[in-house]
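# Tertiary structure, described
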2 protein chains.
Amino acid sequence: MASNKSIIFKAVPDGYPVVGEHMELVTKEIDIENFSLNDGDILVKNHYISLDPYMRGKMRHPDVKSYTPAFEIGKVLDGRGIAIVVKSNNKKYQVGDYFVGLIGWEEYSHIPANIVSASIETLAKAIPKSKIPESYFLGLLGMPGLSGYVGLNKIGQPKKGETIFISAASGAVGQVVGQIAKIKGLRVIGSAGDDSKIKYLEEELKFDGAFNYKTCNTDEKLKELCPNGIDIYFDNVGGEILDIVLNHLNNFARVVACGMISQYNTNDHYGVKNLFQVVTKRLIIQGFIVSDHFQEMESFQKEMSEWLKQGKLKYKEDIVEGIQNAPQAFVNILTGKKFGKMIVKIC
Amino acid sequence: MASNKSIIFKAVPDGYPVVGEHMELVTKEIDIENFSLNDGDILVKNHYISLDPYMRGKMRHPDVKSYTPAFEIGKVLDGRGIAIVVKSNNKKYQVGDYFVGLIGWEEYSHIPANIVSASIETLAKAIPKSKIPESYFLGLLGMPGLSGYVGLNKIGQPKKGETIFISAASGAVGQVVGQIAKIKGLRVIGSAGDDSKIKYLEEELKFDGAFNYKTCNTDEKLKELCPNGIDIYFDNVGGEILDIVLNHLNNFARVVACGMISQYNTNDHYGVKNLFQVVTKRLIIQGFIVSDHFQEMESFQKEMSEWLKQGKLKYKEDIVEGIQNAPQAFVNILTGKKFGKMIVKIC
């Protein structure tokens with residue numbers, strides 16, 4: 001018998017979720033030896049789980065439709081993670097193999113056959129061969145990295161010499177976008193909500209400029225740092241910053257709508273007033289969801305691994321230890337009180 | 001000597017322009033016989049001028065940048081028109097030829113060489129050969145028609161069986177979009193601000209549904225008339241209707257941002273609150289300006305003329321007689337007090 005700490009979704013939050021009120025730690029026991037698996041199922045011991053802003057969208061009433069199913073009240077929360085198979089009734093996975101896919105916010109997860117078949121085998125197989133930290137496969141080389149890669153290349157259509165502005169630029173996606181844009185010869189400007197993040201963007205990631213949107217005037221900073229206007233806005237936040245950026249975009253600019261974190265924890269959504277710029281400047285605003293673009297995974301892995309080997313990419317992680325600390329870590333993502341890709345190290 | 005009534009741009013309006021205050025009738029004399037033309041210039045007698053919502057955007061302070069130059073205070077207003085050459089110092093135009101291009105809101109216009117070379121010769125040559133009403137070359141077969149054609153085809157990417165919703169659907173552009181969409185096998189729903197327009201959309205243009213947004217609840221009507229959601233929104237108005245439509249769009253829907261007439265006469269712009277749908281539904285919102293797409297003119301003319309011959313296209317015009325009535329006619333466009341493409345018949 002082993003203990004299995006897990007985090008349960010307890011209630012639907014209205015604004016920011018509260019630890020204990022909407023997410024609760026529950027410790028159960030699990031009998032690994034006698035655990036019964038249906039055909040195709042596996043049992044895994046979880047190493048790392050990725051916490052990401054999109055999860056807030058799943059903390060909703062189940063009758064509100066969206067692109068991902070709502071979390072179920074009373075059930076263990078889930079997310080993408082890296083785990084080791086400890087028991088298997090699936091031909092593709094042997095005990096000791098890596099598993100990269102949907103796991104619970106818990107120490108051990110029972111993965112049913114349908115989730116096993118939706119897992120990303122190419123990633124799981126790449127881990128042991130690579131000399132790359134395991135957790136990177138949830139960040140730089142995982143979904144957030146792919147989001148940045150796909151969003152920038154397919155929607156952003158970057159051209160050498162153009163200017164890109166990135167909000168939440170030190171986040172899981174933002175830092176990838178900025179570095180790829182630098183490699184491609186763009187002028188890269190970013191915003192974040194903390195001076196240490198700004199320092200990191202400027203000094204470590206070599207952004208051409210960065211500012212703290214909480215202490216600076218965004219409009220003035222964009223005027224100063226993007227004197228020739230903005231050609232690509234990689235938007236992770238939505239709301240007021242998007243509204244201001246619309247006034248700084250050049251003709252034919254592209255807005256990559258990757259996330260709108262400023263709007264996730266409120267029902268009183270910000271009203272964007274400058275949309276008339278879409279017509280006069282012939283803008284494109286396009287949203288995307290990374291799971292629609294898994295067919296890009298291979299070329300993404302190849303190109304990113306190469307850049308990583310060449311020392312062209314850095315990746316800042318915020319690793320929290322212990323699944324019991326996951327709820328607070330998740331709240332910290334939503335309030336901006338984290339720095340880099342949020343990962344929970346489970347064991 | 002001939003009299004030349006013209007309309008002068010007198011002052012920049014804050015909200016809706018006012019006849020007499022911002023646009024003023026001035027009558028001058030013109031000596032056609034002794035009128036001196038520089039190399040490449042022509043003198044024309046104006047037949048028809050097109051009045052369009054975009055002109056409101058030109059009634060601004062000259063230091064506000066946009067895609068078209070601001071009107072100059074004290075000068076004659078201009079717009080696209082059809083005229084006959086009465087004097088020429090340009091090899092391409094003989095006396096008696098049609099001219100289609102930028103003319104003044106006046107009876108006779110002196111067209112300088114640079115404007116002559118920017119005129120659309122293919123249209124001018126098509127008029128005498130066609131059996132189509134002259135004024136159609138300013139509407140169905142002119143810029144508004146091309147706007148509808150390009151916006152629907154290039155940005156809308158219409159597919160048989162999809163649902164399109166069109167605002168200002170009985171307007172110069174909207175009626176073209178709706179009829180092409182019907183020809184292509186889409187379900188076509190439109191809104192307008194007057195019951196007679198709704199009747200026209202349903203009975204004459206055979207839309208699948210239409211409603212008066214002034215007397216109906218837009219949200220409820222869209223639920224009722226678009227039970228399978230909306231795949232293309234052809235947006236001529238922006239503002240609140242755009243906001244409501246965002247909630248009715250299907251995944252991967254396209255918003256063709258053609259105009260935002262609801263936002264032209266106010267500095268207190270409507271704040272669009274539902275933009276988070278851009279991410280969750282992977283939407284594209286794309287603006288365009290017809291003058292970027294003149295290379296489509298030939299295929300447009302060909303396809304549209306064919307449909308017109310086959311009786312597949314109708315076109316409602318609102319023809320006002322006399323240039324002295326142009327200012328009020330222009331205000332009527334902005335307030336919705338017109339029905340169909342607004343044209344001023346000058347002589």
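Small disclaimer: the values here were computed from a predicted structure and weren't measured. (Residues numbered from 1 in each chain as written. Chains lettered and ligands numbered in written order. Predicted model: local features only at pLDDT ≥ 70, side-chain atom pairs only at ≥ 80, totals over all residues. Heavy atoms only, no water.)

### A short note on the domain arrangement of chain A
The extent of an interface is frequently quoted as the accessible surface area lost upon association of the parts. All names here are of chain A. Applicable threshold: Delimitation of the domains relies on an automatic or database domain assignment. Working rule for contacts: check all heavy atoms of both residues, and any pair within 4.5 Å makes them a contact. When two components associate, each loses some accessible surface as probed by a 1.4 Å sphere; the sum of these losses over both components is called the buried area. What counts as a salt bridge is simple: a side-chain nitrogen of Lys or Arg found within 4 Å of a carboxyl oxygen of Asp or Glu. We count a stretch as a helix when DSSP gives it H or I for four or more residues in a row; a strand needs E for two or more, and each element gets its number in order from the N terminus.
Its domain assignment divides chain A into domain 1 (2–139 + 317–345) and domain 2 (143–291). Here the C-alpha centre of domain 2 lies 29 Å away from the C-alpha centre of domain 1. Contacts between the two partners involve 20 residues from domain 1, matched on the other side by 16 residues from domain 2. Taking both partners together, domain 1 and domain 2 bury about 1,400 Å²; carbon and sulfur atoms supply 61% of that area. Remark: the boundary between domain 1 and domain 2 carries 0 salt bridges. Looking at which element gives the most residues to the side of domain 1 that touches domain 2, the answer is helix α11 (residues 326–335), with 3 residues.

### Details of the UniProt feature "domain: Enoyl reductase (ER)" (unreviewed entry) in chain A
Stated formally: UniProt positions are given in the numbering used here, feature names are shortened, and annotations may be inferred rather than shown by experiment.
Taking the UniProt record as the reference, the feature "domain: Enoyl reductase (ER)" (unreviewed entry) is found at residues 20–344 of chain A. With 30% helix and 25% strand, residues 20–344 of chain A has end C-alpha atoms that lie 18 Å from one another.

### Concerning the relation of the copies chain A and chain B
Superposition of the two copies of the chain requires a rotation about an axis together with a shift along that axis. The following threshold applies: C-alpha atoms of residues with pLDDT of at least 70 in both copies form the basis for the least-squares superposition of the copies.
Mapping chain A onto chain B calls for a screw motion: a turn of 180° about the axis and a shift of 0.0 Å along it, with 0.0 Å RMSD after fitting. Expressed as a symmetry operation, the mapping of one chain copy onto the other fits a two-fold axis. Every residue of chain A has its C-alpha some distance from the rotation axis, and the shortest such distance is that of G271 of chain A, at 1.8 Å. The share of interface residues of chain A whose copies in chain B are also at the interface is 100%, consistent with both copies meeting through the same surface.

### Let's talk about the state of the cysteines
Here is the rule we go by: The disulfide criterion used throughout: a pair of cysteine sulfur atoms within 2.5 Å.
Scanning the entire structure with this criterion turns up 0 disulfides over all chains. Among the cysteines around C216 of chain B, which has no disulfide bond, C226 of chain B carries the closest sulfur, lying 13 Å off.

### Some thoughts on the interface of chain A and chain B
Formally: Side-chain atoms alone can form a polar contact between residues adjacent in sequence; in general such a contact is a pair of N or O atoms within 3.5 Å, and within protein one must be able to donate a hydrogen while the other accepts it.
Each side of the interface is counted separately: chain A has 28 residues, and chain B has 28 residues. Contact with chain B buries surface across chain A, with L275, V279 and R282 of chain A losing the most and accounting together for 23% of the total. Inspection of the region where chain A meets chain B yields 4 salt bridges. The shortest N-O distance in the salt bridge between K273 of chain B and D268 of chain A comes to 3.7 Å. Inspection of the region where chain A meets chain B yields 6 residue pairs in polar contact (both at pLDDT 80 or more).

### What about the sheet that holds strand β11 (residues 249–257) of chain B?
The condition is simple: Here, a strand pair is defined by DSSP locating no fewer than two bridges between the strands. Axis geometry follows a simple rule: fit a line to the C-alpha atoms, using only the stretch in contact for helices, then measure angles between N-to-C directions, giving values from 0 to 180 degrees.
Strands sit in the order β9(A)-β8(A)-β7(A)-β10(A)-β11(A)-β12(A)-β12(B)-β11(B)-β10(B)-β7(B)-β8(B)-β9(B) across an open sheet of 12 strands; the sheet is mixed. This sheet does not close on itself; its edge strands, each paired only once, are β9 (209–212) of chain A together with β9 (209–212) of chain B. Strand-to-strand, the axes of this sheet are offset by a mean angle of 15°, without reference to chain direction. Running over the sheet, helix α8 (residues 239–246) of chain A touches β7 (163–166), β10 (230–235), β11 (249–257) and β12 (284–287) of chain A and is turned about 170° from β10 of chain A. Sheet strands touched by helix α5 (residues 174–183) of chain B: β7 (163–166), β8 (187–192) and β10 (230–235) of chain B. Its angle to β7 of chain B, the strand with the most contacts, is close to 170°.

### Re the pattern of salt bridges
Here is the rule we go by: Residue exposure (1.4 Å probe, protein chains only): buried if accessible area is under 20% of the type maximum, exposed if over 50%, otherwise partly exposed.
Tallied over the entire structure, the rule returns 28 salt bridges over all chains. The salt bridge partner of K314 of chain A is E204 of chain A, with a shortest N-O separation of 3.0 Å. Residue K314 of chain A is located in the loop between α10 (297–309) and β13 (317–321), and its partner E204 of chain A is located in helix α6 (residues 195–204); the two are separated by 110 residues in the primary sequence. Overall, the relative accessible area of 38% leaves E204 of chain A in the partly exposed class. Note that K182 of chain B is salt-bridged to D208 of chain B, the shortest N-O span being 3.0 Å. Remark: D208 of chain B occurs in the loop between α6 (195–204) and β9 and K182 of chain B occurs in helix α5; sequence separation between them is 26 residues. According to the relative accessible area criterion, K182 of chain B is partly exposed, its value standing at 28%.

### Considerations on unusual backbone geometry
Although it is not a glycine, Q157 of chain A adopts a positive phi angle of roughly 45°. Structurally, Q157 of chain A is set in the loop between α4 (143–156) and β7. Phi is positive for R282 of chain B, close to 50°, though the residue is something other than glycine. As for its placement among the helices and strands, R282 of chain B is situated in the loop between α9 (277–280) and β12 (284–287). A residue is classified by how much of its surface remains accessible, and R282 of chain B, at 11% relative accessible area, is buried.

### Quick word on the packing of aromatic side chains
Each aromatic ring pair is specified by the distance between its two centres and by the angle formed by the two planes. Residues and elements named next belong to chain A. What counts, and what does not: Stacked, tilted and edge-to-face pairs are distinguished by plane angle, under 30 degrees for stacked and over 60 for edge-to-face with tilted covering the rest, among Phe, Tyr and Trp rings (Trp via its six-membered ring) whose centres lie within 6.5 Å.
Scanning the model with the defined rule gives 16 aromatic pairs over all chains in all. Note on Y136 and Y315: the rings are 5.8 Å apart at their centroids and 75° apart in plane angle, and the pair reads as edge-to-face. Here the residue Y136 occupies a position in the loop between α3 (121–129) and α4, and Y315 occupies one in the loop between α10 and β13, the gap between them amounting to 179 residues. Side by side, Y136 and Y315 carry an identical accessibility label, which is buried. Site record: aromatic cluster; members linked through ring pairs are F165, F211 and Y233.

### A word on the side chain of D41 of chain A
Residue and element names in this part refer to chain A. Positionally, D41 belongs in the loop between β2 (23–30) and β3 (42–50). At 2.9 Å, the side chain of D41 forms a polar contact with the backbone nitrogen of A113. Setting aside residues up to four positions removed in sequence, D41 forms contacts with S88, N89, N90, H110, I111, P112 and A113.

### Considering the pairing of strand β14 (residues 341–345) of chain A
Residues and elements named next belong to chain A. For β14, the tally of buried residues reaches 4 of 5 residues, placing the bulk of the element in the interior. Inspection of the sheet shows β3 paired to β14 by 3 bridges, in the antiparallel sense. Paired with S50 across the strands is I343, a residue of β14. The pairing of β13 with β14 spans 5 bridges and is parallel.

### Re α11 of chain A
Residue and element names in this part refer to chain A. Among the 10 residues in α11, 8 count as buried, and that is most of the element. Every buried residue of α11 is listed here: A326, P327, A329, F330, V331, N332, I333 and L334. At its buried positions, α11 is contacted by β1 (2–9), β2, α1 (54–58), β13 and β14.

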